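What follows is the residue order along each chain.
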Amino acid sequence: MVQELRVLFLAAEAEPFVKVGGLADVAGGLPRALSRIGVDIRPCMPLHATIDRSQFSLDKLATVEIDRKGLALKATVYECIVNEVRFWLIDGDPVRAAPGVYGDVERDADKYAFTCVAALQACEALEWIPDIVHANDWHMAAAVMYLASVRRKGRVWRDTHSIYTIHNLPYMGAGAQPILGAYGLQPQSSPSVPEALLEMPMTQGILQADWISTVSPNYAREITTAEFGAGLDPLLLERHQHLSGILNGIDLDIWDPSTDRALAQPFNPSNIAARESNKRALQAKLGLELDPRIALVGLVTRLDHQKGVDLLWPALNGLSIDAWQLVLLGTGDDQLERICKEQAAEFHNRVRVVLQFDPELARLIYGGSDMLVIPSRYEPCGLTQMIAMRYGSVPIVRATGGLADTVLDVDHSDKGNGFIFKGYNPSELRVALNRALTCYQSPDRWQEIQRNGMQVDFSWAHAASAYQELYRQTSTLDVS
Ligand code: ADP
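Presented here is an overview of the structure given in this document. (Residues numbered from 1 in each chain as written. Predicted model: local features only at pLDDT ≥ 70, side-chain atom pairs only at ≥ 80, totals over all residues. Heavy atoms only, no water.)

**A short note on the overall build of the protein**
Each helix and strand in the protein was counted, giving 18 helices and 15 strands. For 480 residues, the compact-globule formula gives about 23 Å, and the C-alpha radius of gyration of the protein, at 23 Å, lands near that figure. When the backbone C-alpha atoms are referred to their principal axes, the protein occupies close to 70 × 45 × 45 Å. A total of 480 residues make up the protein; the buried ones form 60% of that total. When the accessible area of the protein is evaluated, it comes to approximately 19600 Å², of which 48% is carbon and sulfur surface. Here the protein contributes 44 positively and 58 negatively charged side chains, and the mean placements of these two sets differ by 2 Å. (Helix = DSSP H or I, 4+ residues; strand = E, 2+ residues; numbered from the N terminus. Rg over C-alpha atoms; globule rule 2.2 N^0.38 Å. Buried < 20%, exposed > 50% of the residue type's maximum accessible area, 1.4 Å probe, protein only. Areas by Shrake-Rupley, 256 points an atom, 1.4 Å probe, with all protein chains shown as cover. Lys, Arg positive; Asp, Glu negative; His and termini not counted. Charge placed at Lys NZ, Arg CZ, Asp CG, Glu CD.)

**Focus on unusual backbone geometry**
Looking along the chain, the bond that leaves Glu 15 and enters Pro 16 is cis, with omega of 5°. Within the fold, Pro 16 resides in the loop between strand 1 (6–10) and helix 1 (22–36).

**Section: the packing of aromatic side chains**
The description of an aromatic ring pair uses the distance of the two centres, along with the angle that the planes make with each other. This structure, assessed with the given rule, holds twelve aromatic pairs. Here Tyr 366 and Tyr 391 contribute two aromatic rings whose centre-to-centre distance is 6.2 Å and whose plane-to-plane angle is 55°, an arrangement assigned as tilted. Note that Tyr 366 is positioned in helix 13 (residues 359–368) and Tyr 391 in the loop between helix 14 (384–390) and strand 14 (394–398), a separation of 25 residues in sequence. Tyr 391 matches Tyr 366 in its accessibility class, with the two residues each being buried. Among the aromatic residues, those joined into a ring-pair cluster are Phe 17, Phe 56 and Phe 87. Directly above the aromatic system of Trp 324 lies the positively charged group of Arg 350, at a separation of 4.2 Å from the ring centroid. In this structure, Arg 363 packs its charged tip against the face of Trp 255, placed 4.2 Å from the ring centre. (Phe/Tyr/Trp six-rings, centres within 6.5 Å; stacked < 30°, edge-to-face > 60°. Lys NZ or Arg CZ within 6 Å of the ring centre and 35° of its normal.)

**Overview of the layout of surface pockets**
Taken as a whole, the second largest pocket spans an internal volume of roughly 400 Å³. Lining the second largest pocket are 15 residues, with Glu 276, Pro 292, Asp 370, Tyr 440 and Pro 443 sitting closest to its centre. Looking at the lining of the second largest pocket, the elements with two or more residues in it are helix 10 (275–286) and helix 17 (443–454). It is helix 17 that contributes the most residues to the lining of the second largest pocket, four residues altogether. Of the residues that constitute the lining of the second largest pocket, the class distribution is six nonpolar, four polar and five charged. (1 Å grid on protein atoms, 1.4 Å probe; cavity = no way out; pocket = protein on both sides within 12 Å on 5 of 7 lines; lining within 4 Å. Points joined across faces, edges and corners; volume = space filled by probe spheres on them. Nonpolar A, V, L, I, M, F, W, Y, C, P; charged D, E, K, R; others polar.)

**A closer look at the environment of Ala 113**
As for its placement among the helices and strands, Ala 113 is situated in helix 3 (residues 105–125). Judged by relative accessible area, which is 1%, Ala 113 ranks as buried. Among residues more than four places away in sequence, those in contact with Ala 113 are Ala 142, Leu 180 and Tyr 183. (Contact = heavy atoms within 4.5 Å.)

**Topic: the pattern of salt bridges**
Throughout the structure, instances matching the rule amount to 24 salt bridges. Here Asp 251 ties to Arg 32 by a salt bridge, and the two come within 3.2 Å at their closest N and O atoms. Of this pair, Asp 251 sits in the loop between strand 9 (243–245) and helix 10 while Arg 32 sits in helix 1; the two residues are 219 residues apart in sequence, bridging distant segments of the chain. Classification of Asp 251 as buried rests on a relative accessible area of 12%. For Arg 32, a relative accessible area of 16% translates into the label buried. Across the pair Asp 322 and Arg 350 runs a salt bridge whose closest N-O atoms are separated by 2.5 Å. Of this pair, Asp 322 sits in the loop between helix 11 (309–316) and strand 11 (324–332) while Arg 350 sits in the loop between helix 12 (334–346) and strand 12 (351–354); the two residues are 28 residues apart in sequence, bridging distant segments of the chain. (Salt bridge = Lys/Arg side-chain N within 4 Å of Asp/Glu carboxyl O.)

**Looking at the sheet that holds strand 15 (residues 419–421)**
The sheet built from six strands is open, its strands ordered 12-11-10-13-14-15 with parallel pairing. Looking at which strands have only one partner, the edges of the open sheet turn out to be strand 12 and strand 15. In this sheet, neighbouring strand axes are inclined to one another by 20° on average, regardless of whether the strands run parallel or antiparallel. Across the face of the sheet, helix 12 comes into contact with strand 10 (295–303), strand 11 and strand 12 while running at roughly 160° to strand 11. (Pairing = 2+ DSSP bridges. Axes fitted to C-alpha atoms, helices over the stretch in contact; angles between N-to-C directions.)

**Description of the site of the ligand**
As a structural note, the neighbourhood of the ligand is formed by 21 residues, with Lys 19, Gly 22, Arg 302, Gln 356 and Tyr 366 the closest of them. Between the ligand and Lys 307 there is a distance of 2.8 Å, counted from an oxygen atom to a side-chain nitrogen or oxygen. Note that an oxygen atom of the ligand is positioned 2.7 Å from one of the side-chain N or O atoms of Tyr 366. If the ligand stood free it would expose 570 Å²; the protein chains cover 92% of that surface. Going through the elements one at a time, helix 1, strand 10, strand 11, helix 13 and helix 14 are the ones with two or more residues in the shell around the ligand. Its residues placed into classes, the shell around the ligand shows nine nonpolar, seven polar and five charged. (Near = heavy atom within 4 Å. Polar contact = N/O pair within 3.5 Å; in protein donor to acceptor, adjacent residues only side chain to side chain.)

Following this line, the structure appears as structure tokens:
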């Protein structure tokens, strides 16, 4: 029998334990899909203090001692099995000192470096040595660095290879550098990297990993250019033969409009008309005029510079069709929150802004809005356009990163499922909104577009096979 591939998978957040953004969807959904096709995968993360322990059954698996600058720190590794996937959750002083998933960068760096080292040491203690260490984003780059150092030293890790996945390149972990040193993790040098970026965890993950991946084919190309490379484009270009883009999926059991209890009325592609009850429920909940003919536009987003919400407000002025309403659900940057509030007051008769993290409302927006706008400056993959399509809300997106890989413009394809604009400016977004609002006036055509979106298979199955293949290939690379 072929030996199952063993994979230690490290990410800062994962469903169902804790979620801040799309990484949690990925670290919940991908391991599950991989485990279904026979990969022995252990997703691993800190036992963040914000995780509600009473919801999960945690079994103590191992205790290891980590050296941080000569100080011995105790790490306890718990196992929690969810949907037959064996998650590892790691506890210890650095984890408790940084309660949120993301906060103060030095404390976060300490928590994540500690988790990485503890996870690899636990593998040794349990005599479960993975074929692949798969680390995600700057937080977990320490796992790649640690593997590189132990692989040089001894036999135990000789055959293990590393994959480093970039979910968001500009977040490099600035400020984390001294902490890595405290755990004995050494930076590698490279003439292709500006000195200021060299020791950042993101850079070191890219430099020291055996293979690099990112979350869409288009973003994999984009990050080798100066516009999207955030200063690491020369390095990424140099390593392009070891760089691939695999499109994320969504968990079709978690995102299922035919069973979603947050909806007023479940529906599927053969009864799209039932969505109208959800739109009505959404309009009623937000105190908007109850009229099915008014196009209801949604946004579900982190309020971050990346997400391009600043394009939205000027684009709304001077739309050619007046029958529209808008709801924005988001949290994040203080200044962006303040601007959103001001704009909601400006358009008080038709715009609602909800500055919360509210998964239930997010679901009602996906299932009740007519369109979902995603005007991102850059978007490594983006999940909300896929969720929106599955829920019959038509995406209006900027042609960047994974948005360009997942949305087909209705004017360019028979299978068109959304509206795309290219340039990062309000007038191009306004043109796309106008096209969508005009199209919305033709209900039969609109339903066809909705159905096209609902029928796309965004399951994790495709990504899982692609990662399995990548694991196989990477595990045979000669790195001696
Ligand atoms: P990112 O990871 O950059 O935030 P993605 O599109 O990859 O963006 O994933 C966003 C995920 O977070 C989606 O599952 C979306 O529904 C969810 N989300 C974002 N903001 C909110 C919010 N305010 N309330 C509830 N869910 C949200």
